[in-house]
Every structure is written in C-alpha cells, then in structure tokens.
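# Chain and residue survey
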Amino acid sequence: MLEGWKKFNFWVLMLLVPINIYLIFLYAPVEKTMGIVQKVFYFHVASAWIGLLAFVVVFIASIAYLANRKVQMNHLALASAEIGTLFISCTLLTGPLWAYPIWNTWWTWDPRLTTTLVLWFMYVAYIALQGGGTAENRRRFAAVYGIVAFINVPLVFFSARWWRSIHPIVVSGEGIGLTPKMRFVMFFSIVTFSFLYTYLLGLRYKGISLAERINRLKAELSQ
Amino acid sequence: MSNYFHRVLLIYVKDIKDEFRTFDNLLSTIIFGVMLVFIFSFAFQLTDLAVDQAFSAVLWVSIFFSSVLAIQRSFAKERENNVMDALLLASGDRGIIFLAKFLCNLTVLLLFELVVVPLLWIFTGISALGHIQAGLFIGSLFLGSWGLAAIGTMLNGITIQLPSARLLFPILLFPLLIPLLIGVIQCTNTALLGVSEPLSGWVYFLISFNILFTVLPLVLFDFVLEG
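Model, not experiment: these values are computed from the prediction.

### Considerations on the overall build of chain B
Helix and strand content of chain B: nine helices and zero strands. Mapped in sequence order, the helices and strands of chain B form the string α-α-α-α-α-α-α-α-α. For chain B, the spread of C-alpha atoms along the three principal axes comes to 55 × 35 × 30 Å. Looking at chain B as a whole, 52% of its 227 residues are labelled buried. A separation of at least 24 residues holds for 83% of the contacts in chain B among residues at least 6 apart in sequence.

Rendered as structure tokens:
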C-alpha cells in the first residue's frame, strides 16, 4: 500500500512541479511595486504552511505513540520533524530575501517571524532530544516534548502579537494585495508543497525504519 | 487528598533540607547570578547606554541563565544510589514527585532572586526613578519564577535520564519559555518605568500560562519517569 502511494505521489509531483513553476514565473502577474522579488512569496508561504503542518503531524503522532507505544508512530513523528525543520529553514531563508528590498530590513520581530523562529528552535530541540538514539526512553521523551512544544506554538504567537499590538508597529503587515491570479498560484503552490511533503515523509519514514532495523540486526549479530 | 499533599510536603522538606545541608548548589547559582549581573551592568556602563531602560531585560536574562544551573541539580542528586526508585516507591505517584521538585526549585529561585535583584538594583542605580510599583514588581518576579520552575522541573526530569543532559537542558528549555519571557518583561517594565498600559491582561496571561504548564507536566510526568 505504502509503495503504491509513493509511486502515485511521485508521478503527481512530476506533473505538479513543472506546472507550478510555470504558474509562478509566467502565469502570475509581476507585482507592480515589488517587482520580480515577490515571486519568492509563493515558495515562502508554501514552506511555512508545511512547517506548521509537519508540526501538527509531530503532535498527533506523539500522542499516538504515548497511547499505544507503536514504534512506527515515533518514526513518523521524527520524519515529520526533520522535514518540517527543512521547510521552516526555507521559510526563514526566503523571508529576508523578500524583506530586505521591501521592508529595508532583514529581520523584524513581527509575531509571525518570531513564532516561526521559535518553531525552528523547538524543532531543533526535538531532533536533538531524539539524538539518533534508539533507546525506548528517548522516544518517550521526544513524544512528551513534541506535545508540550506544539501547545506552546499558539502561546508564542499570541503573546508576540499582543506585545506588538501594544507597542507601535515598526513595519506594518505584509500588505500584499493579492490579485485572483496570484491567489490561485499561491494555493496551487501549497497543494504542490503538500504533495512534496507527503512524498518526503514517506521516504524519510522508510529511511528511519531501515536504519533502526540495521541497528537491531547488528546488535543481534554481535551477541 | 490531604494525604497526597502531605507526601508532597515530605519530599519538598527533604529536598529543601538537602539544599541547605550541602548548600553548594544554591551558593554556586547565586555566585553565578551575581557574576552575570555584574558583567551586564558593567558592560552597559562601558557603552554609556541608559541601563535603567534595559533593567528588566538584564534581570530576566540573568535569571533565565542562572535558573539552568539551579534547576539542573534537582533530579541529578536522586541518581546517586538509585534514590529515584526509592522515591517512586515511597510516593506512589509521579505527580507528587513533580510537585515537590517544582516547589523546591521555586523556593531556590526565589531565594536566589532575593540576593541578585537588590544587587542589580544597586549596580544599575535604578532606584533614582522614584515611581516604582513594588507590588507588581514582586508579583512579576514570583510569576516568572513559577513558570521557570514548572517547565524546568519537567524538562529536567527528561534530560537527567539522558547522557548529554547538560547540553540538552537549555536547548529544550529556552524555546518553551518565550511566552513567559515576553509576559514577565512587560510586567517588570511597567512596574519600573510606570508606563500606563493596560497591564492586567499580561498578569492574567502569565497566571494561565503557569497553571497550564504546572498541570500539563502533572499529566505527562507518568511518561517521563517510567520504569
């Protein structure tokens, strides 16, 4: 079942990715004031979406692991965390590329930016906690941390927003008036990235499971 | 129910006694905190920046960093001679151990602040300002320490069972503390600088944040101290 899904996913991606690139660079109109740099927006938003989605998967898989202790759930959570880190890193890297020419600053403590950065830190902490270790207790701890960290995300966002709403906002919101064409391309990118995420998740999940199997076999052989 | 809290109290008293008999944990934390406060205040003096504007930032960065030292000890001492197993047997409930350790860490942090905060006060010369809301200031110190102790105790229960505990603990701790950091700095800043902002919201936010992160570990601690 998993193999069939992977193959299907692969061909969907082969179809969607070229269309998406065409849509981003040729179909979507060039933004009047921002110019060509605005194109990074389609990658940026889609990566941010995947970063958040991946964390939801970590959260659910962590609860499932604590509930019935299936190793697969732990592998799924770890795979999702790794891919989420990758996409959040993309978000954090593409953001400044756009922000510097538009806002004239590489970074600002906007609630969304702050939350994304804290999310990145929590992902890194989660992966460090698993630490490549295969011991049962590491899985359990990672699951506990995954749950607590996920609950922390909205708290970070709302406290950061609240703090900003009291103080004067240095840089106002993104202020992108999206035309219908742009909005369509944005949603298309999100769909493409979601397929990319599930494909990578499947690959990484298998990779982690195989690595664990090798470790187990090695341990059995050395006895 | 009273039995439950009686057991919490017993473990708490044991930990506090231990804290004062060995004394090295509390003492080294305080010395580290004094050192931090000194370095911060001095560095600000060297740059000729107005340190009273940055007081709450310096204060909380010092407390956060020192708390890593203070809290890291709380479970470490139970590892010697398998005291942890005895504690589990004696208490019968992991929530009891969490609560007792949390209260002990909170006490240690408050004692630590009792020394460090006046010192920072003197170093930065902030007392010249005059219109300070003492109640709010002390209240925010308490709320900040509560959150720190609760999250720190839970994470220390995790990291102490792993080989790379010292490195992992701050990495796990600091991202979770960001909402707390925002809240307490708002409160201390208002208490010191007397900015008339609608503040009660932040106090309620801190209280609910702290209750959440005290109850959540109580539920999850069964998974932390297993087997």
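### Notes on the packing of aromatic side chains
Counted under the stated rule, the structure contains 33 aromatic pairs over all chains. Put simply, the rings of Trp162 of chain A together with Trp202, Phe205, Phe209 and Phe213 of chain B touch in pairs and so form one group of aromatic residues. A cation over an aromatic ring shows up here: lysine 181 of chain A above the ring of tyrosine 27 of chain A, its NZ or CZ 5.1 Å from the ring centre.

### A short note on the environment of leucine 93 of chain A
Here leucine 93 of chain A is to be found in helix α3 (residues 71-103). We classify leucine 93 of chain A as exposed; its relative accessible area is 64%.

### Side note on the interface of chain B and chain A
Each partner contributes residues to the interface: chain B has 28 residues there, and chain A has 28 residues. For the pair chain B and chain A, the summed buried surface comes to about 2,600 Å²; carbon and sulfur atoms form 77% of the total. For the interface between chain B and chain A, the tally reads zero salt bridges. For the pair chain B and chain A, the number of links is five residue pairs in polar contact (both at pLDDT 80 or more). Elements supplying a minimum of two residues to the side of chain B that touches chain A: α6 (134-159), α7 (165-176), α8 (178-193) and α9 (200-224) of chain B. With ten residues, α9 of chain B is the single largest residue contributor to the side of chain B that touches chain A. Residue composition of the side of chain B that touches chain A, by class: 22 nonpolar, four polar and two charged.

### Looking at the packing of helix α2 (residues 40-68) of chain A against helix α6 (residues 180-222) of chain A
All names here are of chain A. In contact at an axis separation of 9 Å, α2 and α6 are set at 45° when each is read in the N-to-C sense. One way to sum up the angle between α2 and α6 is to call them oblique. Viewed along their axes, α2 and α6 form a crossing whose handedness is right-handed. Contact with α2, carried on its side by Phe41, Tyr42, Phe43, Val45, Ala46, Ser47, Trp49, Ile50, Leu53, Ala54 and Val57, involves Met182, Val185, Met186, Ser189, Ile190, Phe193, Ser194 and Tyr197 of α6 and no other residues of that element.

### Section: the confidence of the model for chain B
Should the pLDDT be low somewhere, the predicted coordinates at that spot are not to be read in detail. Averaged over every residue, the pLDDT of chain B is 87; residues scoring 70 or more account for 95%. Mean pLDDT values for the elements of chain B range from 81 in helix α4 (residues 83-91) of chain B up to 92 in α6 of chain B.

### Some remarks on unusual backbone geometry
At arginine 69 of chain A, a position not held by glycine, the phi torsion is positive, near 55°. By the secondary structure assignment, arginine 69 of chain A is in the loop between α2 and α3.

### Digging into the pattern of salt bridges
Residues and elements named next belong to chain B. This structure, assessed with the given rule, holds twelve salt bridges over all chains. In this structure, the salt-bridge partner of glutamate 78 is lysine 101, at a minimum N-O distance of 2.5 Å. Taken together, the residues span a long stretch of sequence, with glutamate 78 in the loop between α3 (55-76) and α4 and lysine 101 in helix α5 (residues 94-124) at a distance of 23 residues. Judged by relative accessible area, which is 1%, lysine 101 ranks as buried. One network of salt bridges, in which partners are shared, links Lys14, Asp15, Asp18, Glu19, Lys77, Glu78 and Lys101.

### A word on the packing of α3 of chain A against helix α4 (residues 111-130) of chain A
Helix packing geometry: the angle between the two helix axes and the distance between the axes. Residues and elements named next belong to chain A. Orientation of α3 relative to α4, taken along the N-to-C sense of each, is 150°, at an axis distance of 9 Å. With respect to α4, the axis of α3 lies roughly antiparallel. Every pair of crossing elements has a handedness; the one defined by α3 and α4 is left-handed. Residue-level inspection shows Asn74, Ala77, Leu78, Ala81, Glu82, Gly84, Thr85, Ile88, Ser89, Thr91, Leu92 and Trp103 of α3 in contact with α4, the latter providing Leu113, Thr116, Leu117, Leu119, Trp120, Tyr123, Val124, Tyr126, Ile127 and Gln130.

### Structural notes on the nonpolar core
Judged by nonpolar contacts, the single largest core of 132 residues is most densely connected at Met122 and Tyr145 of chain A together with Leu59, Phe137 and Leu155 of chain B. The element contributing the most residues to this core is α5 of chain B, with 15 residues. In terms of nonpolar packing, the next biggest core, distinct from the first, is built from six residues, Met34, Ala99, Trp103 and Leu113 of chain A among them.

### Considerations on α3 of chain A
Note on helix geometry: an α-helix contains 3.6 residues per turn, so any two residues three or four positions apart are oriented the same way. In a regular helix each residue adds 1.5 Å, so 33 residues correspond to 48 Å; α3 of chain A covers 46 Å between its end C-alpha atoms and thus fits that length. Asparagine 104 of chain A sits one or two positions beyond α3 of chain A and adopts a positive phi of about 65°.

### What about the side chain of threonine 124 of chain B?
All names here are of chain B. Following the sequence through the fold, threonine 124 ends up in helix α5. Overall, the relative accessible area of 10% leaves threonine 124 in the buried class. Within polar-contact distance, the side chain of threonine 124 engages the backbone oxygen of leucine 120 at 2.7 Å. Excluding its chain neighbours within four sequence positions, the residues that come into contact with threonine 124 are Ser41, Val51 and Phe55.

### Some words on a nonpolar patch on the surface
Residues and elements named next belong to chain A. Taken together, the side chains of Val17, Ile21, Tyr22, Phe25, Leu26, Tyr27 and Phe184 present a nonpolar region at the surface, about 680 Å² in accessible area. Here phenylalanine 184 shows up in helix α6. Given the relative accessible area of 43%, phenylalanine 184 is considered partly exposed.

What counts and what doesn't
Residues numbered from 1 in each chain as written. Chains lettered and ligands numbered in written order. Predicted model: local features only at pLDDT ≥ 70, side-chain atom pairs only at ≥ 80, totals over all residues. Heavy atoms only, no water. Helix = DSSP H or I, 4+ residues; strand = E, 2+ residues; numbered from the N terminus. Buried < 20%, exposed > 50% of the residue type's maximum accessible area, 1.4 Å probe, protein only. Contact = heavy atoms within 4.5 Å. Phe/Tyr/Trp six-rings, centres within 6.5 Å; stacked < 30°, edge-to-face > 60°. Lys NZ or Arg CZ within 6 Å of the ring centre and 35° of its normal. Buried area = accessible area lost by both parts, 1.4 Å probe. Salt bridge = Lys/Arg side-chain N within 4 Å of Asp/Glu carboxyl O. Polar contact = N/O pair within 3.5 Å; in protein donor to acceptor, adjacent residues only side chain to side chain. Nonpolar A, V, L, I, M, F, W, Y, C, P; charged D, E, K, R; others polar. Axes fitted to C-alpha atoms, helices over the stretch in contact; angles between N-to-C directions. Parallel < 35°, antiparallel > 145°, perpendicular 65-115°, else oblique. Left-handed = near helix turned anticlockwise from the far one by under 90°. pLDDT = per-residue confidence, 0-100. Core = buried A, V, L, I, M, F, W, Y, C linked by side-chain atoms within 4.5 Å. Expected span 1.5 Å × (residues − 1). Patch = residues over 30% accessible without salt bridge, like charges linked within 9 Å, V, L, I, M, F, W, Y side chains within 5 Å. Areas by Shrake-Rupley, 256 points an atom, 1.4 Å probe, with all protein chains shown as cover.

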